[in-house]
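Below, each chain spelled out in residue letters.
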Number of protein chains: 2
Amino acid sequence: MKTVNRQQILEVFDADSFTLLQKAGFIAYSQRRVQQPPVQHFLFAQADGDGCIKSAWLEGDRQFVVKVSTGFYRNAERGLASNQGLMMAFSAETGQPQALLLDEGWLTALRTALAGRIAAELCAPAEVQAIGIIGCGLQARLQLQQLKAVTACRQVWLWGRSEQALHALRRDAEADGFRVRVTQDAAQLAAHCRLIVTTTPSREPILQAADIRPGTHITAVGADADGKQELATELVAKADAIAVDALSQCTQYGEIATAYRQGLLASTPIVELGAALQQGAKVRGDAQQITLADLTGLAIQDVQMVKGVLAAL
Amino acid sequence: MKTVNRQQILEVFDADSFTLLQKAGFIAYSQRRVQQPPVQHFLFAQADGDGCIKSAWLEGDRQFVVKVSTGFYRNAERGLASNQGLMMAFSAETGQPQALLLDEGWLTALRTALAGRIAAELCAPAEVQAIGIIGCGLQARLQLQQLKAVTACRQVWLWGRSEQALHALRRDAEADGFRVRVTQDAAQLAAHCRLIVTTTPSREPILQAADIRPGTHITAVGADADGKQELATELVAKADAIAVDALSQCTQYGEIATAYRQGLLASTPIVELGAALQQGAKVRGDAQQITLADLTGLAIQDVQMVKGVLAAL
């Protein structure tokens, strides 16, 4: 079995070609060409942690992929990254293990950022005066980096609970070529930004319905399990159009789950990224619409990352 | 991350101490102290293969375990074992990968045989003139070996579709100290044997209701996915008492699933192994009863195997 480490993965990662692979993966998923069993979830309440196991096989591929990923939110106290994980590829012809990718959570982080890029391509308004990023972790940095490929805007507002983390993120965003404003008032951020990405594991809404102006797109990345929610239910209900990575996951435990369960989305168009990509259609109808993208993370995204890495090595 | 190979695992495997761990695991499972998300299943029809991902955490343990196992039934043509697989342990405190057990499916094979041993302990009649083994693979050998700890009987009938495989199994069973009869008529086997273990991935019943005499116990190991069935539905319905590893799995896709769905088990007592072990009660009521044990395989069994191996290394 081939073992690949984080360094090797980061060396072969190429955002543009991996984005194409991701798009092909979303399309295959929406065409029902992917075997992707329901995600396995764990809750490690005693350590403020959670974990999930995602696996998928794109029918016809020579390998299937299994991914274990965790978030332990006290890891920082130990000098460890919150998100850990690894991926494995197995032969779909003999079952033998083929590759172990010790990516330390990076493949998940990168493919999530690429999904944010794809969501922005389908949903963001043409004119963006400022980008808004909610949360100060690795995902905040990666999402911001990936948005450079879909908008010419280089003005960003950053929101975080910790002043220290906000300051560190500011330096990184400036190094990436952005003009930066920081705030601890999410409403202020929303007033200025038409392209917002939320990247926290929050269990209570950070953005309220009244905060959001017409013509705004929000990509919500954080909610990937029951109880997590970054946007107020009334804000979700206010969306004119919603893109999701997977209807089955997002309606169950994604950002839109609460609004969906309460029947508040009965007349809101909801489309899977793969379906929109296949049709070559934008999710956004006009410049004044409020659009949302709910990303819960799909195993097919992991499959496509592993495929990209193994092909490049 | 520590890597452990098959050889190291087989060296530290001790059937008696690992059986105690398995019993503790079944009890914890039935006490609802185990987080064990639903199994993920794959079907690789093009290669006559299937796969599953099982994971579990015994609450309070320092690690959780993820297992990937596959069965590819044309592997023999390539000189490969049908069953492949590996297990991994991750910290339940930080999420970091701790150990990779490249057991090539052996831990699954062994824990399945130990479950058969435990089922026989709870269900088999006191007097067994002959053991019957259906199927000629590795699991047939391991089940037979493990039964030596729970019965003094050393007479065995073997049934298989392939004369060659049957002949090879006969030699192994004789080397293990058994007096052996072989047959390709399952009814003949059932007529002589009061303790039968079925170990095939069959999709059509091998044993019929009319074949089974009073006072027989059957442990069915093969059915672990939709469509697999080794015992006729009427035979399952005829059982006086049934032991299962997990009610939720067995009623969904185990050996008893079809009879259960058809409402034929409404008045049959069905007990989980863990519940019977905790109560210290036998599943069998009297010497004339027909009993069944349906083993679909639980992730907690894998957890306990990994725990045993890591503690012994």
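If you're wondering where the values come from, they're calculated on a predicted model, not measured in any experiment.

**As for the domain arrangement of chain A**
All names here are of chain A.
Right, so step 1: If you check the domain split of chain A, you get domain 1 (2–108 + 300–312) and domain 2 (109–297).
Right, so step 2: If you average the C-alpha positions of domain 1 and of domain 2, the two centres end up 22 Å apart.
Right, so step 3: Taken together, the contacts link 28 residues of domain 1 with 29 residues of domain 2.
Right, so step 4: In this assembly, domain 1 packs against domain 2 so that about 2300 Å² is buried in total across both faces, 57% of it on carbon and sulfur atoms.
Right, so step 5: Considering only the side of domain 1, the residues that lose the most area to domain 2 are Phe-26, Trp-106 and Gln-301, jointly responsible for 23% of the buried surface there.
Right, so step 6: Counting across the interface, domain 1 meets domain 2 through five salt bridges.

**Some details on the pairing of strand β11 (residues 195–198) of chain A**
Residue and element names in this part refer to chain A.
Right, so step 1: With burial as the criterion, each face of β11 is covered, one bearing Leu-195 and Val-197 and the other bearing Ile-196 and Thr-198.
Right, so step 2: Examined bridge by bridge, strand β8 (residues 131–134) and β11 share four bridges and lie parallel to one another. Residue pairing for β11: Ile-134 is matched across the bridge by Thr-198.
Right, so step 3: Examined bridge by bridge, β11 and strand β12 (residues 217–220) share four bridges and lie parallel to one another.

**Here's the deal with the relation of the copies chain A and chain B**
Right, so step 1: Of the two same-sequence chains, chain A is brought onto chain B (RMSD 0.0 Å, axial shift 0.0 Å) by a rotation of 180°. Taken together, the rotation and translation describe the operation of a two-fold axis.
Right, so step 2: The fraction of interface residues of chain A whose copies in chain B are also interface residues reaches 100%, indicating that both copies meet through the same surface.

**A short note on the interface of chain A and chain B**
Right, so step 1: Listed by partner, the interface residues are 38 residues for chain A and 38 residues for chain B.
Right, so step 2: Roughly 3100 Å² is buried in total at the junction of chain A and chain B, and carbon and sulfur atoms are behind 68% of that figure.
Right, so step 3: Of all residues in chain A, Gln40(A), Phe42(A) and Thr94(A) give up the largest surface area on contact with chain B, accounting jointly for 19% of the area buried on that side.
Right, so step 4: One can count zero salt bridges joining chain A with chain B.
Right, so step 5: Linking chain A to chain B there are twelve residue pairs in polar contact (both at pLDDT 80 or more).
Right, so step 6: In the side of chain A that touches chain B, the residues fall into 23 nonpolar, twelve polar and three charged.

**Points about helix α4 (residues 138–147) of chain B**
Residues and elements named next belong to chain B.
Right, so step 1: In terms of burial, α4 is largely enclosed, as eight of its ten residues are buried.
Right, so step 2: By the burial criterion, the buried members of α4 are Gln-139, Ala-140, Arg-141, Leu-142, Gln-143, Leu-144, Gln-146 and Leu-147.
Right, so step 3: At its buried positions, α4 is contacted by α2 (15–30), α3 (106–123), β8 (131–134), β9 (155–159), α5 (163–175) and β11 (195–198).

**What to know about the pattern of salt bridges**
All names here are of chain B.
Right, so step 1: The final tally for this structure, using the stated rule, is 22 salt bridges over all chains.
Right, so step 2: Put simply, Lys-23 and Glu-121 hold a salt bridge, and the shortest N to O gap is 2.8 Å. Of this pair, Lys-23 sits in helix α2 while Glu-121 sits in helix α3, and the two are 98 residues apart along the sequence.
Right, so step 3: What makes Glu-121 partly exposed here is its relative accessible area of 32%.
Right, so step 4: One salt bridge in this structure joins Asp-50 and Lys-228, with 3.3 Å as the shortest N-O distance.

**Some details on the environment of Arg284(B)**
All names here are of chain B.
Right, so step 1: Turning to its location among the elements, Arg-284 is positioned in the loop between α10 (273–279) and β15 (291–294).
Right, so step 2: We classify Arg-284 as buried; its relative accessible area is 11%.
Right, so step 3: Remark: the alpha-carbon pair of Arg-284 and Arg-6, spanning 278 residues in sequence, is separated by 36 Å.
Right, so step 4: Setting aside residues up to four positions removed in sequence, Arg-284 forms contacts with Leu-122, Cys-123, Ala-124, Pro-125, Gly-215, Thr-216, His-217, Gln-289 and Thr-291.
Right, so step 5: Of the polar contacts made by the side chain of Arg-284, one reaches the backbone oxygen of Thr-216; its length is 3.3 Å.
Right, so step 6: A distance of 2.8 Å separates a polar atom in the side chain of Arg-284 from the backbone oxygen of Gln-289.

Quick notes on the rules
- The residue numbers shown here count from 1 along each chain, following its written sequence.
- Throughout, the order in which chains and ligands are written sets their labels, letters from A for the former and numbers from 1 for the latter.
- Local features in a predicted model are, by the rule used here, given only for residues with pLDDT of at least 70; side-chain atom pairs are given and counted only at 80 or more, and totals for whole chains, interfaces and linings are based on all residues.
- Side-chain numbers come from the whole structure's heavy atoms, not from hydrogens or water.
- Domain start and end points were adopted from an automatic or database domain assignment.
- Throughout, a contact is declared for two residues whenever any of their heavy atoms are within 4.5 Å.
- Here the quantity called buried area is the total loss of accessible area, with a 1.4 Å probe, experienced by two parts when brought into contact, counted for both.
- Salt bridge, as used here: a side-chain nitrogen of Lys or Arg that lies within 4 Å of a carboxyl oxygen of Asp or Glu.
- Classification of residues uses two cut-offs on accessible area relative to the type maximum, computed with a 1.4 Å probe and protein chains only: under 20% is buried, over 50% is exposed, and between them is partly exposed.
- Helix and strand definitions here come from DSSP, where helices need a minimum of 4 consecutive H or I residues and strands a minimum of 2 consecutive E residues; each element is numbered from the N-terminal end.
- By this definition, two strands are paired if DSSP reports at least two bridges between them.
- All copies are superposed by least squares; the fitting set is the C-alpha atoms of residues with a pLDDT of at least 70 in both.
- Pairs of N or O atoms within 3.5 Å make up the polar contacts considered here, provided that, within protein, one atom can donate a hydrogen while the other can accept it, and that residues adjacent in sequence are counted only when both atoms are side-chain atoms.
- Asp, Glu, Lys and Arg are counted as charged, while Ala, Val, Leu, Ile, Met, Phe, Trp, Tyr, Cys and Pro are counted as nonpolar; the rest, among them Gly, fall into the polar class.

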